[in-house]
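Chain and residue survey
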Amino acid sequence: MKKVSFDYDGTLALPSVEEFAKELVEQGYDVWVVTSRVGDDDLDKSFQPWKTPDWNRDLWESCERIGIPKDKVVFTSFADKIDYLKGKNYIFHLDDDLYELTAIMASKDSCMPLNVGHSDWKRNCIEELEKHKV
């Protein structure tokens, strides 16, 4: 199955990106979320007192609408996303963070970093998917 990855904040949280991700799920793509957020089980109240037990409610609601199961959500807890993505054969990772995109590019991994801030982000995603059709 062809895997793709989306950042959440500033990316999958956008209605247009959520709609696109849902279309990919419906087409049979393996859609993942790789976010810098801290997972629900890793909240440290002493270090992160502003976070509540429902800290990720918006993310989980988006995943439910799209059809992304919880086991396909990766919380990097602010570590570089390429540390997770590298070697896992993702077609692309769509993100709004230029640091993350640059780190993916610099890694020379096969995962194509795509910028949601680019006006043609959706076309770029589709072009990458077309390159990987069998």
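As a reminder, the structure under discussion sits directly above these lines.
Residues numbered from 1 in each chain as written. Predicted model: local features only at pLDDT ≥ 70, side-chain atom pairs only at ≥ 80, totals over all residues. Heavy atoms only, no water.

**Let's talk about the environment of Tyr84**
Residue position: Tyr84 is located in helix α4 (residues 82–85). Tyr84 sits 10 residues away from Val74 along the chain, and the two C-alpha atoms are 8.3 Å apart. In this structure, Tyr84 is in contact with Trp32, Val34, Val74 and Tyr90, ignoring residues within four places of it in sequence. Polar contacts involving the side chain of Tyr84 include one to the side chain of Tyr90, which spans 3.3 Å. (Helix = DSSP H or I, 4+ residues; strand = E, 2+ residues; numbered from the N terminus. Contact = heavy atoms within 4.5 Å. Polar contact = N/O pair within 3.5 Å; in protein donor to acceptor, adjacent residues only side chain to side chain.)

**Describing the pattern of salt bridges**
Enumeration according to the criterion identifies 11 salt bridges in this entry. Note that Lys81 is salt-bridged to Asp7, the shortest N-O span being 2.8 Å. One end of the pair, Lys81, is in the loop between β3 (73–75) and α4; the other, Asp7, is in the loop between β1 (3–6) and α1 (8–12), with 74 residues separating them in the sequence. Residue Lys81 shares its accessibility class with Asp7, and that shared class is buried. The salt bridge involving Asp95 is made with Lys81; its shortest N-O contact spans 2.6 Å. Pair noted here: Asp95 is in strand β4 (residues 90–95) and Lys81 is in the loop between β3 and α4, with a separation of 14 residues, a long-range link. One salt-bridge network, held together by shared partners, links Asp7, Lys81 and Asp95. (Salt bridge = Lys/Arg side-chain N within 4 Å of Asp/Glu carboxyl O. Buried < 20%, exposed > 50% of the residue type's maximum accessible area, 1.4 Å probe, protein only.)

**Quick notes on unusual backbone geometry**
Unlike most non-glycine residues, Phe78 shows phi in positive territory, near 75°. In this fold, Phe78 is placed in the loop between β3 and α4. Here Lys108, not a glycine, exhibits a phi torsion of approximately 65°, which is positive. With respect to the helices and strands, Lys108 occurs in the loop between α5 (98–107) and β5 (112–115). Classification of Lys108 by relative accessible area gives exposed; the value is 74%.

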